[in-house]
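Letter by letter, the chains look like this.
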Amino acid sequence: PDYALHPKGVARSEFLRSNKRNIPVLEGADLDTMREACRLGREVLDIAARFLRAGVTGDEIDRVVWQACKDRAVYPSPLNYSLFPKSVCVS
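Residues numbered from 1 in each chain as written. Predicted model: local features only at pLDDT ≥ 70, side-chain atom pairs only at ≥ 80, totals over all residues. Heavy atoms only, no water.

J.: Please clarify how the pattern of salt bridges should be interpreted in this entry.
T.: When their charged atoms lie close together, side chains carrying opposite charge are able to pair. Evaluation of the coordinates by the stated rule reveals five salt bridges. For arginine 39, the salt bridge is made with glutamate 36, and the minimal N-O distance between the two is 2.6 Å. Separated by three residues within a single helix, arginine 39 and glutamate 36 lie in helix 3 (residues 28-50), roughly one turn from each other. Of the residues examined, glutamate 36 reaches a relative accessible area of 36% and is grouped as partly exposed. With a closest N to O distance of 2.2 Å, arginine 39 and glutamate 43 form a salt bridge. (Salt bridge = Lys/Arg side-chain N within 4 Å of Asp/Glu carboxyl O. Helix = DSSP H or I, 4+ residues; strand = E, 2+ residues; numbered from the N terminus. Buried < 20%, exposed > 50% of the residue type's maximum accessible area, 1.4 Å probe, protein only.)

In structure tokens:
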């Protein structure tokens, strides 16, 4: 994502006027790509959910999510978004 490389974690794509007016209709390969992204996201969330219990720290869950993302070669969206330092928000 563009914010991952920005020094302040700013997502330039969110400020583009064209992104505020149009909701894309996905078809064909774009739809397949979105479905795969959603499937991978669901896998990561399911893995994180297995570790949620009293006494487990946010840092421990973050490490689980980061590793699950790394294993799937995906980028954890919250990481560096507006300088957010973790792969998941557990608040």
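J.: What exactly am I supposed to notice about the environment of leucine 52 here?
T.: Inspection of the secondary structure assignment puts leucine 52 in the loop between helix 3 and helix 4 (58-71). Residue classification places leucine 52 among the exposed residues on the basis of a relative accessible area of 52%.

J.: What is the right way to read the nonpolar core from this model?
T.: Grouped burial of nonpolar side chains is what soluble globular proteins tend to show. Counting residues in hydrophobic clusters, the biggest one holds nine residues: Val44, Ile47, Ala48, Ile61, Val64, Val65, Ala68, Cys69 and Val88. Breaking this core down by element, the ones donating at least two residues are helix 3 and helix 4. In terms of residue count, helix 4 provides more of this core than any other element does, five residues in total. (Core = buried A, V, L, I, M, F, W, Y, C linked by side-chain atoms within 4.5 Å.)

J.: Sorry if this is basic, but what is going on with the packing of helix 3 against helix 4 here?
T.: Two numbers describe a pair of packed helices, the interaxial angle and the distance between the axes. Packing of helix 3 against helix 4 brings their axes to within 9 Å, and their N-to-C directions diverge by 150 degrees. As judged from the angle between their axes, helix 3 and helix 4 are roughly antiparallel. Helix 3 and helix 4 meet at a crossing whose hand is right-handed. Contacts between helix 3 and helix 4 pair Val44, Ile47 and Ala48 from the former with Val64, Val65, Ala68 and Cys69 from the latter. Residues of the contact of helix 3 with helix 4, tallied by class, amount to seven nonpolar, no polar and no charged. (Axes fitted to C-alpha atoms, helices over the stretch in contact; angles between N-to-C directions. Parallel < 35°, antiparallel > 145°, perpendicular 65-115°, else oblique. Left-handed = near helix turned anticlockwise from the far one by under 90°. Contact = heavy atoms within 4.5 Å. Nonpolar A, V, L, I, M, F, W, Y, C, P; charged D, E, K, R; others polar.)

J.: Help me out: how do you make sense of helix 4 in this one?
T.: Since the α-helix advances by 3.6 residues per turn, residues separated by three or four positions end up pointing in the same direction. Helix length check: helix 4 (14 residues) gives 20 Å between terminal C-alpha atoms against 20 Å at 1.5 Å per residue, within 8%. Of the residues making up helix 4, those classed as buried are Ile61, Asp62, Val64, Val65, Ala68 and Cys69. One face of helix 4 carries all of its buried residues, which in axial projection span an arc of 160 degrees. Along helix 4, exposed side chains directed more than 90 degrees from the buried face belong to Arg63, Lys70 and Asp71. Check the buried side of helix 4 and you find it contacts helix 3. Backbone geometry just downstream of helix 4 places alanine 73 in the positive-phi region, at approximately 55 degrees. (Expected span 1.5 Å × (residues − 1). Arc of directions from axis to C-beta.)

By themselves, these observations are geometric and do not establish any function.
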